[in-house]
Amino acid sequence: MSNTGKTLRVHYRGTLDDGTQFDSSYDRGETLEFVCGAGQMIAGFDAAVVDMAVGEKKTVHIPAAEAYGERRDDLIIEFPAAQVPNIEQIHAGDKLFLSTPSGQPVPATVLKVDEAGVVLDANHELAGKDLNFDIELVEVVDA
């Protein structure tokens, strides 16, 4: 029985291949709720839960292409100093938000700040990385 189009509640733990944990619903003490197949989750996660039953647990390995994609050089963006307000308050490692033409916020990490300007990385922080998830289907809300 497919879960496509159904609202699911899951617990999960996400790790990198080296074992580093990057996220966990268990640590927050609340489940994640989403509509399966609606594009709210990365493709590999949606695919992993589509045929799960309530109470089932599984571990999946999701390659970067089915997670946050490969890192893209075109998402390394340079801004001249004259175009950056309050440049003196910006430091490497800071998180900033850019806006798409439609006004959608896009998070970016500051890579470099100097007299010439600012270099930002708008790649998702997990882009280019294979991900591992321990997933437990807790509830199908609208079964």
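Notes on the structure in this doc start here. Please read all numbers here as calculations on a predicted model, not as lab measurements.

1. Focus: the environment of Ile77
- Following the sequence through the fold, Ile77 ends up in strand S5 (residues 76-80).
- Ile77 has contacts with Leu98, Val118, Val119, Leu120 and Ala122, leaving out every residue within four places of it along the chain.

2. Thoughts on the pattern of salt bridges
- Taken as a whole, this structure holds six salt bridges when the rule is applied.
- Among the ionic pairs, Arg9 bridges to Glu33, the shortest N-O distance being 2.6 Å. In this pair, Arg9 is assigned in strand S1 (residues 7-16) and Glu33 in strand S3 (residues 32-35), connecting sequence segments 24 residues apart.
- With a relative accessible area of 27%, Arg9 lands in the partly exposed category.
- Asp74 is the salt-bridge partner of Arg72, the closest N and O atoms lying 2.7 Å from each other.
- Each of Arg9, Glu33 and Glu139 takes part in salt bridges that share partners, so that together they form one network.

3. Remarks on the sheet that holds S5
- The strand order across the open sheet built from four strands is S5-S8-S7-S6, with neighbouring strands paired in antiparallel fashion. Looking along the sheet, the strands with just one partner apiece sit at the ends: S5 and strand S6 (95-99). Ignoring which end each strand starts from, the neighbouring axes of this sheet average 40° apart.
- Two strands pair when backbone bridges link them, and S5 and strand S8 (residues 117-121) are joined in this way by five bridges, in the antiparallel orientation. For Phe79, the partnering residue across the bridge sits in S8 and is Val118.

So, how was this worked out
Residues numbered from 1 in each chain as written. Predicted model: local features only at pLDDT ≥ 70, side-chain atom pairs only at ≥ 80, totals over all residues. Heavy atoms only, no water. Helix = DSSP H or I, 4+ residues; strand = E, 2+ residues; numbered from the N terminus. Contact = heavy atoms within 4.5 Å. Salt bridge = Lys/Arg side-chain N within 4 Å of Asp/Glu carboxyl O. Buried < 20%, exposed > 50% of the residue type's maximum accessible area, 1.4 Å probe, protein only. Pairing = 2+ DSSP bridges. Axes fitted to C-alpha atoms, helices over the stretch in contact; angles between N-to-C directions.

Function cannot be inferred from these measures alone, as they are strictly geometric.
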